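These are the residues of each chain, in order.
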Amino acid sequence: MPEAPKNIPEYDCCGGSVKIYDKNRKALQFIEEVTSNADEVQKQVLSEILSRSANVEYLQRYGLDGRTDRETFKKVVPVVTYEDLKPDIDRIANGDSSPILCSKPISEFLTSSGTSDGERKLMPTIEEELQRRSLLYSLLMPVMNQFVPGLDKGKGMYFLFIKSEAKTPGGLVARPVLTSYYKSSHFTDRPHDDPYTNYTSPNETILCPEPYQSMYSQLLCGLYQNTKVIRVGAVFASGFIRAIKFLEKHWHLLCNDIRTGTIDPIVTDPTVREAVMKFLEPNPKLADFVEAECGKDSWRGIIIRLWPNTKYIDVIVTGTMSQYIPTLDYYSNGLPLVCTMYASSECYFGLNLNPLSEPSEVSYTLIPTMCYYEFLPVNRKHGFTGSFSKPVSLEEKENQDLVDLVDVQLGQEYELVVTTYAGLYRYRVGDILRVAGFKNKAPQFNFVCRKNVVLSIDSDKTDEVELQNAVKNAANHLMSFDATLNEYTSYADTSTIPGHYVLYWEISLSGETSIPPSIFEDCCLTVEESLNSVYRQGRVQDKSIGPLEIKIVESGTFDKLMDYALSQGASINQYKAPRCVKYAPIIKLLNLRVVANYFSPKCPKWVPGHKQWCT
Ligand code: AMP
């Protein structure tokens, strides 16, 4: 297998400057080699995973018997979903440290934003996976450097955050993958003189567990170093926009700090204060400049006005995040939006080799050393068009339908299935990808969508079944008024920041008493209480999702919606009211018929970790 480039930068003999050129060359060479030999690498990856895992209970259960060849593996090991693995994962979470899924010790659980039974999925991981993730990160800037030179001459202003962590009953830490990465030495002890990981935010501000203080201090540091910033970003577009909105609210305080060289007392974390105060000095000129820009009526182009040397915005705008592209364009006056990588809690997958491509054209090249990939062709039978059915395990024959990395067909859509070093075998990730091209022998994929997800604002992913249950629970409040919910649909409204879920309800009232607003507010809250923990965390802790809104529409609105669909060619026999709407004319049709609207009066309940764990 081609050797991965070392993450440690090399130094020249005369004074310690990083040999960027050499490092970049090695990274690009690595990509060339692994993509040219994609099939051989994949074969080796599978064989390595299976030979290491020969003794694990899960594979023994299926009688793999230590065999490591693809044919036997595909024949005997089933394609599975999280639900299939849940009993094994629960055992690990409860403290069984025998080799159930992986021969190496499970170091922690990564809590995915995908949910099961309303709780985050728990992805087992092992220590060495951190190296694999670091490897993928180390390839990003060498690729970027080919398109935007001079990136070693300035800093990146990235808004990065950690989230709360919990312990499973068996004592393993459970936290999101990025929290795990930012807290690891791979991130905190990165070489000071690597210009590609030179950020405006000191580590302490990123590792601050309190979201307000973390955001405030990161913005202060970013503003203070404004002329040094040559790239800006966050993981997802929603996070970056949240930072700009935060600035809109708090620029007076931030300017005051820049003017006086202090940090507002609201930031109480001593490590953050110390890290920021180390370099903060009074700068009245900069404070005047920021004040003048932020005080203008329009915030159009605010990013390039405040950070004038910015060359691009590094955020994911593929998938549901594409809804934020117009807002980013507004704030940046159309700076390039760069989506660099495609990753998940299960495994990091690939990177964008053409980072300046338009968001709609972005494709990710899956790196063959990361895991063993298989692809389930998407067709009506395995459909993902928002049906109510939960994904089910495949029948034996269908197990054979999966194709290998190098065998996917241009233009065809597939669901991604992975076998990882950390103990997932033929696991359905739930993402739908479309083959857009090839880099040597390795395919490049457009991200099409996440299966079944109907609503998403930030990292929340609400599917139709969850929405249906939540609406059903809420509609119970109407019963004592002899009212029934006839039809509903939903919409992820990102015109407000933070965005929020909107439900359109058409109700019929047979009783005499009109329904007081407080009842509809209770309905809003009940929907929120019934949604999964990622949604509720977004509402409570991250404040990345605004209060849920119910809009009551006049009677007959859903008939109008049907008329509209039929006029657009829908078949009357097959017509069902959509449970989520995205198309502007339909949203307009609904909004024109709104007779009242109500918001959730408070945040739903949320605690870190699964509700059944003591935290
Ligand atoms: P999580 O399990 O919370 O880490 O979320 C991983 C999921 O986020 C993936 O399975 C995708 O659905 C989504 N995701 C990650 N990277 C991208 C990307 N570059 N574009 C679109 N969606 C992405």
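As shown above, the structure is provided for reference.
Being a predicted model, the structure only gives us computed values, none of them experimental.

### Quick word on the overall build of the protein
Looking only at helices and strands, the protein has 21 helices and 22 strands in total. Taking 2.2 N^0.38 as the reference for a compact globule, 615 residues should give roughly 25 Å; the C-alpha atoms of the protein span a radius of gyration of 25 Å, in line with that estimate. In terms of overall dimensions, the protein has C-alpha extents of about 85 × 70 × 50 Å along its principal axes. Counting only residues that meet the buried cut, the protein has 56% of its 615 residues in that class. For the protein, the share of sequence-separated contacts (at least 6 apart) that also reach a separation of at least 24 residues comes to 71%. Of the roughly 25700 Å² of accessible surface on the protein, 52% is carried by carbon and sulfur atoms. Counting 65 positive and 75 negative side-chain charges, the protein places the averaged centre of each group 2 Å from the other.

### Observations regarding the nonpolar core
Where a protein is soluble and globular, its nonpolar side chains tend to be buried together. Of all hydrophobic cores here, the largest spans 151 residues; its most connected members are Phe240, Ile303, Phe349, Tyr373, Leu416 and Trp505. With 11 residues, the top contributor of residues to this core is helix α11 (residues 237–260). Apart from the residues lying within four places of it in its own chain, the contact partners of Trp505 are Val471, Ala474, Ala475, Leu478, Leu485, Glu487, Tyr488, Cys523, Ile550, Lys551, Ile552 and Val553. Listed in part, the 18 residues of the second largest apolar core include Val148, Leu151, Ile162 and Tyr181.

### Description of the sheet that holds strand β20 (residues 500–509)
The strand order across the open sheet formed by 4 strands is β19-β20-β21-β22, and the pairing between neighbours is mixed. Both edges of this open sheet fall to β19 (483–493) and β22 (594–599), since each of them pairs with a single strand only. The mean inter-strand angle of the sheet, taken between neighbouring strand axes irrespective of direction, is 25 degrees. In this structure, β20 lies alongside strand β21 (residues 549–553), joined through 4 bridges in parallel fashion. Residue pairing across strands places Leu503 opposite Ile550, the latter belonging to β21.

### A look at empty space enclosed by the protein
Taken as a whole and assessed by the stated rule, the structure comprises 8 cavities of 30 Å³ or more. Here the largest cavity defines a volume of roughly 130 Å³. Forming the walls of the largest cavity are 16 residues, and the residues nearest its centre are Thr111, Arg120, Gln537, Pro608 and Gly609. When contributions to the lining of the largest cavity are tallied by element, the ones reaching two or more residues are β2 (119–125) and α19 (533–540). Classifying every residue of the lining of the largest cavity gives 7 nonpolar, 6 polar and 3 charged.

Rules used in this analysis
Residues numbered from 1 in each chain as written. Predicted model: local features only at pLDDT ≥ 70, side-chain atom pairs only at ≥ 80, totals over all residues. Heavy atoms only, no water. Helix = DSSP H or I, 4+ residues; strand = E, 2+ residues; numbered from the N terminus. Rg over C-alpha atoms; globule rule 2.2 N^0.38 Å. Buried < 20%, exposed > 50% of the residue type's maximum accessible area, 1.4 Å probe, protein only. Contact = heavy atoms within 4.5 Å. Areas by Shrake-Rupley, 256 points an atom, 1.4 Å probe, with all protein chains shown as cover. Lys, Arg positive; Asp, Glu negative; His and termini not counted. Charge placed at Lys NZ, Arg CZ, Asp CG, Glu CD. Core = buried A, V, L, I, M, F, W, Y, C linked by side-chain atoms within 4.5 Å. Pairing = 2+ DSSP bridges. Axes fitted to C-alpha atoms, helices over the stretch in contact; angles between N-to-C directions. 1 Å grid on protein atoms, 1.4 Å probe; cavity = no way out; pocket = protein on both sides within 12 Å on 5 of 7 lines; lining within 4 Å. Points joined across faces, edges and corners; volume = space filled by probe spheres on them. Nonpolar A, V, L, I, M, F, W, Y, C, P; charged D, E, K, R; others polar.

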